[in-house]
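Report on the structure
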Amino acid sequence: MRTFEPELIIFDCDGVLVDSELLSCQSLADGLAVAGIALSLDEALKLFLGRSTKAVLEHYRSLGRELPESFLADLKQRVRDSFSASLQPIPGIAALLSTLTVPCCVASSSDLDRIKFSLQFTGLIDHFGDRLYSAEMVARGKPAPDLFLLAADRMGIPPARTLVVEDSVSGVMAAKAAGMTAWGFTGGSHYHGRDGHGILQAAGADRVFDCMRDFSGDL
């Protein structure tokens, strides 16, 4: 029995389309170290998984730490170098995207340049064209609903008929706040050894799955 038939599927990028979260969080930790701030990879995942660079700046500003003006440019280059060396698509995602008949788009906390680079580098860009939405386009990033609401509005689909696929707590919370169905995905390498199911279910995910070949099980 089909429980939900979406008219739009919104994919997060990092950790859902590309296996990038460990790479980007390690780049963040390395960049913060240069700025004199100690942050472990585990702490980076807990604090900033699925969040924008604006959220990083705001977090440390709230603690009385202003990051250097060069921080964002340095971080962008660190991430680009790391992705160029090691970025891979999530296993099975290309096959899944090739079989979808429902319209889909990307809504990510990353900036648009990084989204495009990630999808081009992994060969996924043709599945989305210009249907790419970034936290740069809204006033409030995840966990606020703004980005997902923008994507659904641009795609012309009501939130209630929209499915979001997310790997982060902030992303799941944003989808639910937008009135959308949220599926949590735990197949990225950043969930190895972590209770991804428990983490995303606690955030409000309507379903959690580990492998892209299981995506269509409830459709």
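So, a few notes on the structure that sits alongside this text. In this text the structure is predicted, and so the values were computed from the model without any measurement.

Taken as a whole, this structure holds zero disulfides when the rule is applied. The closest cysteine sulfur to the non-disulfide-bonded Cys25 is located on Cys13, 14 Å from its own sulfur.

Before going further, it helps to examine the sheet that holds strand S6 (residues 207-209). Reading across the sheet, the six strands line up as S3-S2-S1-S4-S5-S6 and stay open at both edges, with parallel pairing between neighbours. The open sheet has two edge strands, strand S3 (132-134) and S6, and neither has a second partner. The average angle at which neighbouring strand axes cross in this sheet is 25 degrees, direction not considered. Direction of pairing for strand S5 (residues 181-185) relative to S6: parallel, over a ladder of three bridges. What sits directly across from Phe185, in S6, is Phe209. Packing of helix H6 (residues 112-121) onto the sheet brings it into contact with strand S2 (104-108) and S3, and relative to S3 it is tilted by some 140 degrees. The sheet contacts of helix H9 (residues 196-203) involve strand S4 (162-166), S5 and S6, and relative to S6 the element is tilted by about 160 degrees.

Scanning all chains against the criterion turns up ten salt bridges. Across the pair Asp14 and Arg114 runs a salt bridge whose closest N-O atoms are separated by 3.4 Å. Here Asp14, found in the loop between strand S1 (8-11) and helix H1 (21-34), pairs with Arg114, found in helix H6; they are 100 residues apart in sequence, far enough to count as distant. Here Asp14 falls in the buried class, since its relative accessible area comes to 6%. For Arg114, a relative accessible area of 18% puts it in the buried group. One salt bridge in this structure joins Lys142 and Glu166, with 2.6 Å as the shortest N-O distance. A residue pair is termed long-range when its members are at least 10 positions apart, and Lys142 in the loop between S3 and helix H7 (146-155) and Glu166 in strand S4 qualify at 24 residues. Taken individually, Lys142 and Glu166 each receive the classification buried, so the pair is uniform in this respect. What you see here is one network of salt bridges that share partners, running through Asp12, Lys142 and Glu166.

What counts and what doesn't
- Residues numbered from 1 in each chain as written.
- Predicted model: local features only at pLDDT ≥ 70, side-chain atom pairs only at ≥ 80, totals over all residues.
- Heavy atoms only, no water.
- Disulfide = S-S within 2.5 Å.
- Pairing = 2+ DSSP bridges.
- Helix = DSSP H or I, 4+ residues; strand = E, 2+ residues; numbered from the N terminus.
- Axes fitted to C-alpha atoms, helices over the stretch in contact; angles between N-to-C directions.
- Contact = heavy atoms within 4.5 Å.
- Salt bridge = Lys/Arg side-chain N within 4 Å of Asp/Glu carboxyl O.
- Buried < 20%, exposed > 50% of the residue type's maximum accessible area, 1.4 Å probe, protein only.

Worth remembering: the numbers are spatial, not functional.
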